[in-house]
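Below, each chain spelled out in residue letters.
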Amino acid sequence: MKTIYFNKFYKSFNILSGILIIASLVFLVFKGLNFGVDFKGGTLIELRTDKSSANITKIRDSFNQMNLGDVSVKNFGNETDFVVKFEKQNSNDPKFIEEIKTKLSNSIGTVDFRRVENVGPKVSAELLRSGVIAIALSLAAMLLYIWIRFEWQFSLGAILALFHDVIITLGVFSVFSLEINLSIVAAVLTIVGYSMNDTVVIFDRVRENLRKYADVKIFELTNISINETLSRTIITSVTTLLALLSIFIFGGEILKGFSLAMILGVIFGTYSSIYIANPVLVSLKVSQRTIVKEEKE
Amino acid sequence: MLYFSKLRVFSVLIFTLIISYFTISNFTKVDDEFFSKNIKLGLDLQGGSYLLLEIDNNPVIVQRLQSKVLELKKFFKDKNIKIRNFSIKDQSIFFDVNIIKKEEVLSLLDDDKSEINTYFQQFKSHEFDIENEDNSFKLTYSDYGLVLLKNSSLDQAIETVRRRVDEVGTNEPNILKRGNDRILVELPGLDDPGRIKSLLGKTANLTFQFVATNQEQSFGTELLQYESGDREAIVSKRIIISGDNLVDAKPTMNNQTNQTVVSFSLDRVGARKFGKATSSGVGKSLAIILDGKIISSPTVQEPIVGGNGQISGDFTFQSATDLALLLRSGALPAPLNIIEERTVGPDLGKDSINAGIMSLIIGFILVVAFMFYKYRFFGLIANLALISNLFLLVGILTLFEATLTLPGIAGIILTVGMAVDANVLIFERIKEELKNENNSIIAFDSGYTKSRTTILDANITTLIAAVILFFMGSGPIKGFSITLGIGILTTLFSVYFIARLITAYYVIKNKHKEKLI
């Protein structure tokens, strides 16, 4: 196979990644994330109307009259399905949902509540905390694992690649105001696992090549390793993306956000294994001596 | 890496077949409990309600402190120590002693064998923490005292919740403790939890107290609202009987008034007390009080001595049934708050299953077609491994009766996408080895050997993520971590035992062929 000179573009792609990360952070700080009821508290109702004449404006108007705080209404999958979210949550009142349903039927006709989620402020705060802890914990566990398996230069490269993927994926969610809920946390954790997986495959090869070629510089060596593992990188990304696309298209509305986050994560994860993890090895001047020293110990 | 003993071939085969059997058992009916296992569907797939309840322990704490004050008074009186200014504030007991007795009181409270402030050997802690300044004392529940109190009220509450849910008769409810002040209630198949919520939202503290004859508030009486909210009455604080004395309650029709009432029967102690009170109280009004509100206050016409009675009120048949149910199942030790509720209707659950299976099939076909396109015959081997992987995964989920959720299905699809990675790593490596090695058996062997650490590394990282999700995630997300985690294990098995076995067989047979892969 023809060799592709990935290493020629290390600098330019690093600049691009830097810009993307800064842009993502700016969005995350100033625009923030669109937290769903899992993390913000409140009520979510997925409803199906009888006929397609019931439109968003009508539904929003009738909810706004009920004094439920901030209301958001979105179409969900097809013309008759909607997701309504509002701040007020009152799960202690057993008639709360029933009354909303009665009022709604009076104004727009028969409705079917297909899903109701009601999360109190205490629970949502806990869910958010445990989500953040889970992500932090998984990053720490990856760091620990790769630290045991590789030299510290490699760990740093892999972890930087992980942060890169997680930050940019969240950045995309912020830019497009996509909802962050529990399943997005699961997606982020899986992205962490996938991105690590991808990086480890290339790093394993880099380390092997460091032993094999005594006189090749790391700049060249990373490129050789990337090329040698390239077809595997492509095939695995493609099969994973095929599976994810299938979930995204056919898996129903509930899994849309989850599969989208995963698709972004796989794309960024594949890219960062090549363009973040490897340049880190180059700039840390990893050489044949790095691993020889390790083996002596 | 290519050698397999006959025994090993045999055990791989048997293991695969047995586990795969359980996958198939999801679609067949067998008259045996062990062999007709089915995968359990999560609430998001079969529809149902998930409620998280939190006990409000503050009233329990105050109640316990009140009885502790009585205990303390008696205790110190027996010891001839004068205690003054008892009060309860901020969940603590305050009192003063004569300064001379200070040391004695302190040692009585602080001793490891203290009779009044229990010392828990296992926690190395007293029930109450003591603060002392000059002649004033402050008693507050210690962390462990609080834990014990919360645990006992949780145990009581969970029993009552279970009885109430069972009485309503939903199928296979799941009621679990969460921490030391929460109860998780899962109600499969229930798409309108309104009734259960209203039943669980009531403490159901029933008392019978006389309406005070003197309509002026004084010590020993309290002002209470009527349930209807339009009037109030002053009642005596003395409780004649409470819900604890009830042995049965059911809704009935009163033939004279043609109203729905709740008839109840009392235990022996309750019947005696009730008989005595009603004998001396003919002509008085008897307030029937539920959770601090008066349901009704009938006038006592004659002594009620048989231990049977009726509660009248503005009942519909439904509300009388619910009240009877609450009385039968007993009072909660403290109010419960519903802090999280998730309900999925059955038709959404069905739609989710269909969408999940649809995307699984399509994802599977896409991956299989791609692998065949890339590797031809070896693609078939990888695909065979993939199929057995799926059978193993679903079989293990069934065998352990794991709960399958919608994200869990996503985990299975994701496993399909990522599982081929191991075989791809091996095949690519073999291709490289074949460039420098003419003996195809040696090339295949070293292809397997050299890719092994990489494959392990790559899978362990995903496994770490799955394990963390399992411990941190809840409900549906936990389902995702289970399928993802088990998927990694079955992937490794199918790659290293099934695919390798077929590869070895094929390569040894065709070792002289020109282009193997």
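Residues numbered from 1 in each chain as written. Chains lettered and ligands numbered in written order. Predicted model: local features only at pLDDT ≥ 70, side-chain atom pairs only at ≥ 80, totals over all residues.

1. Concerning the overall build of chain A
Now for step 1: Secondary structure summary: chain A contains ten helices and six strands in total.
Now for step 2: Relative to the globule expectation of 19 Å for 297 residues, the C-alpha radius of gyration of chain A, 24 Å, shows a markedly less compact shape.
Now for step 3: Taken along its principal axes, the extent of the C-alpha atoms in chain A is 80 × 40 × 30 Å.
Now for step 4: Residue burial in chain A is summarised as follows: out of 297 residues, 50% are buried.
Now for step 5: Of the contacts made within chain A by residues no fewer than 6 positions apart, 77% connect residues no fewer than 24 positions apart. (Helix = DSSP H or I, 4+ residues; strand = E, 2+ residues; numbered from the N terminus. Rg over C-alpha atoms; globule rule 2.2 N^0.38 Å. Buried ≥ 20, exposed ≤ 12 C-beta atoms within 10 Å, placed from the backbone. Contact = placed C-beta atoms within 7 Å.)

2. So, the overall build of chain B
Now for step 1: The helix and strand inventory of chain B stands at 13 helices and 21 strands.
Now for step 2: In terms of C-alpha radius of gyration, chain B reaches 35 Å, well past the compact-globule figure of 24 Å for 517 residues.
Now for step 3: When the backbone C-alpha atoms are referred to their principal axes, chain B occupies close to 110 × 70 × 40 Å.
Now for step 4: Counting every position in chain B, which comprises 517 residues, the buried fraction comes to 40%.
Now for step 5: Taking all contacts inside chain B whose residues are at least 6 apart in sequence as the whole, residues at least 24 apart take part in 69%.

3. Describing the domain arrangement of chain A
Now for step 1: On domain assignment, one finds that chain A holds domain 1 (6-36 + 123-296) and domain 2 (42-119).
Now for step 2: If you average the C-alpha positions of domain 1 of chain A and of domain 2 of chain A, the two centres end up 39 Å apart. (Domains from an automatic or database assignment.)

4. Concerning the domain arrangement of chain B
Now for step 1: Here chain B is partitioned into domain 1 (6-47 + 345-509), domain 2 (48-180) and domain 3 (206-341).
Now for step 2: Each of domain 1 of chain B and domain 3 of chain B has a C-alpha centre, and these two points are 62 Å apart.

5. Here's the deal with the sheet that holds strand 15 (residues 246-254) of chain B
All names here are of chain B.
Now for step 1: Read from one edge of the open sheet, three strands run 15-16-19, paired in antiparallel fashion. On the outer flanks of this sheet lie strand 15 and strand 19 (308-311), each paired with one strand and no other. Taking each pair of neighbouring strands and ignoring which way they run, the sheet shows an average axis angle of 30°.
Now for step 2: Here strand 16 (residues 259-266) pairs with strand 19 via four bridges, running antiparallel. From the neighbouring strand, Ser263 faces strand 19, where its bridge partner is Gln310.
Now for step 3: Those strands touched by helix 8 (residues 317-329) are strand 15 and strand 16, and its axis lies near 170° from that of strand 15. (Pairing = 2+ DSSP bridges. Axes fitted to C-alpha atoms, helices over the stretch in contact; angles between N-to-C directions.)

6. So, the sheet that holds strand 17 (residues 286-290) of chain B
Residues and elements named next belong to chain B.
Now for step 1: Spatially, the six strands line up as an open sheet ordered 13-12-18-17-11-14, and their pairing is mixed. Every interior strand has two partners, whereas the edge strands, strand 13 (232-236) and strand 14 (241-242), have only one.
Now for step 2: By the bridge criterion, five bridges tie strand 11 (residues 206-210) to strand 17 in an arrangement that is antiparallel. Counted as the bridge partner of Phe210 is Leu286 from strand 17.

7. Examining the pairing of strand 10 (residues 182-188) of chain B
Residues and elements named next belong to chain B.
Now for step 1: For strand 10, a buried count of five out of seven residues is recorded, marking the element as mostly surrounded by other parts of the structure.
Now for step 2: With seven bridges connecting them, strand 2 (residues 48-55) and strand 10 associate as antiparallel partners. Bridge assignment links Leu51 to a residue of strand 10, and that residue is Val185.
Now for step 3: Across five bridges, the pairing between strand 9 (residues 174-178) and strand 10 is antiparallel. The partner of Lys177 across the bridge, within strand 10, is Ile183.
Now for step 4: Once strand 9 ends, the chain turns through three residues before running back antiparallel as strand 10, passing Gly179 with a positive phi of about 65°.

8. Digging into the packing of helix 5 (residues 121-149) of chain A against helix 12 (residues 440-472) of chain B
Now for step 1: One way to put it is that helix 5 of chain A packs onto helix 12 of chain B with a least axis distance of 10 Å and a crossing angle of 155°. For the element pair helix 5 of chain A / helix 12 of chain B, the angle class is roughly antiparallel. For the pair helix 5 of chain A and helix 12 of chain B, the crossing hand works out as right-handed. Contact residues: helix 5 of chain A offers A:Ser130, A:Ile133, A:Ala134, A:Leu137, A:Ser138, A:Ala141, A:Met142, A:Tyr145 and A:Arg149, while helix 12 of chain B offers B:Asp457, B:Ile460, B:Thr461, B:Ile464, B:Ala465, B:Ile468, B:Leu469 and B:Met472.
Now for step 2: Split by residue class, the contact of helix 5 of chain A with helix 12 of chain B holds twelve nonpolar, three polar and two charged. (Parallel < 35°, antiparallel > 145°, perpendicular 65-115°, else oblique. Left-handed = near helix turned anticlockwise from the far one by under 90°. Nonpolar A, V, L, I, M, F, W, Y, C, P; charged D, E, K, R; others polar.)

9. Brief notes about the interface of chain A and chain B
Now for step 1: At the junction of the two partners, chain A supplies 56 residues and chain B supplies 57 residues.
Now for step 2: Where the side of chain A that touches chain B is concerned, the elements lending two or more residues are strand 5 (111-119), helix 5, helix 7 (182-212) and helix 8 (218-250) of chain A.
Now for step 3: Partitioning the side of chain A that touches chain B into residue classes produces 29 nonpolar, 17 polar and ten charged.
Now for step 4: Two strands pair when backbone bridges link them, and strand 5 of chain A and strand 20 (residues 336-344) of chain B are joined in this way by five bridges, in the antiparallel orientation. Looking across to strand 20 of chain B, one finds that A:Val116 is bridged to B:Thr343.

10. Things to note about the pairing of strand 4 (residues 78-86) of chain A
All names here are of chain A.
Now for step 1: Sheet topology places strand 2 (residues 42-49) next to strand 4; six bridges connect them, and they run antiparallel. Of the residues in strand 4, the one forming a bridge with Thr43 is Phe86.
Now for step 2: Pairing geometry for strand 3 (residues 71-76) and strand 4, over six bridges, is antiparallel. When the bridges of strand 4 are listed, Asn75 appears paired with Phe82.
Now for step 3: The turn joining strand 3 and strand 4, which pair antiparallel and follow one another in sequence, is formed by one residue; a positive phi near 90° is taken by Gly77.

11. Brief notes about helix 7 (residues 268-280) of chain B
Note: α-helices contain 3.6 residues per turn, so residues at a spacing of three or four share the same orientation.
Residues and elements named next belong to chain B.
Now for step 1: The terminal C-alpha atoms of helix 7, which comprises 13 residues, lie 19 Å apart, in line with the 18 Å expected from a rise of 1.5 Å per residue.
Now for step 2: For helix 7, the full list of buried residues reads Gly270, Ala271, Phe274, Ala277 and Thr278. Here the buried residues of helix 7 occupy an arc of 140° about the axis, which is enough to place them on one side. The exposed residues of helix 7 that point more than 90 degrees off its buried face are Arg268, Val269 and Ser280. (Expected span 1.5 Å × (residues − 1). Arc of directions from axis to C-beta.)

12. Remarks on helix 3 (residues 58-78) of chain B
Now for step 1: With 21 residues, helix 3 of chain B extends 30 Å between its outermost C-alpha atoms, agreeing within 8% with the 30 Å of an ideal straight helix rising 1.5 Å per residue.
Now for step 2: Of the residues one or two after helix 3 of chain B, B:Asn80 is the one with positive phi, at around 60°.

13. Some thoughts on the nonpolar core
Now for step 1: Among the nonpolar cores identified, the biggest contains 200 residues, and A:Val84, A:Val188, A:Leu189 and B:Leu469 are the most heavily contacted of them.
Now for step 2: Contact partners of A:Val188, with chain neighbours within four places excluded, come to A:Ile135, A:Val166, A:Thr169 and A:Ala261.
Now for step 3: Core analysis: the next-biggest nonpolar cluster, separate from the first, contains six residues, B:Phe128, B:Phe137, B:Leu139 and B:Tyr141 among them. (Core = buried A, V, L, I, M, F, W, Y, C linked by C-beta atoms within 7 Å.)

14. A few points about the packing of helix 5 of chain A against helix 6 (residues 152-175) of chain A
Residues and elements named next belong to chain A.
Now for step 1: Interaxial distance between helix 5 and helix 6 falls to 9 Å at its minimum, and their mutual angle equals 155°. Taken as axis vectors, helix 5 and helix 6 run roughly antiparallel relative to one another. Note on packing geometry: the crossing formed by helix 5 with helix 6 is right-handed. Contact residues: Leu139, Met142, Leu143, Ile146 and Trp147 in helix 5; Trp152, Phe154, Ser155, Ala158, Ile159 and Leu162 in helix 6.
Now for step 2: Looking at the contact of helix 5 with helix 6 residue by residue, the class counts come to ten nonpolar, one polar and no charged.

15. Here we look at the confidence of the model for chain B
Detailed reading of the predicted coordinates is not advisable wherever pLDDT falls low.
Now for step 1: Looking at chain B as a whole, the pLDDT averages 88, with 99% of positions reaching at least 70.
Now for step 2: Across the interface, the model reports ipTM at 0.91; the global pTM reads 0.86. (pLDDT = per-residue confidence, 0-100.)

16. A look at the confidence of the model for chain A
Now for step 1: Summing up the model confidence of chain A, the mean pLDDT is 90 and the portion of residues at 70 or higher is 97%.
Now for step 2: Taken element by element, the predicted model of chain A shows its lowest mean pLDDT in helix 10 (residues 288-296) of chain A (69) and its highest in helix 1 (residues 10-30) of chain A (96).

17. Section: the environment of A:Pro94
Now for step 1: The residue A:Pro94 is located in the loop between strand 4 and helix 4 (96-108) in this model.
Now for step 2: For A:Pro94, the contacting residues outside a window of four places in its chain are B:Gly194, B:Lys197, B:Ser198 and B:Gly201.

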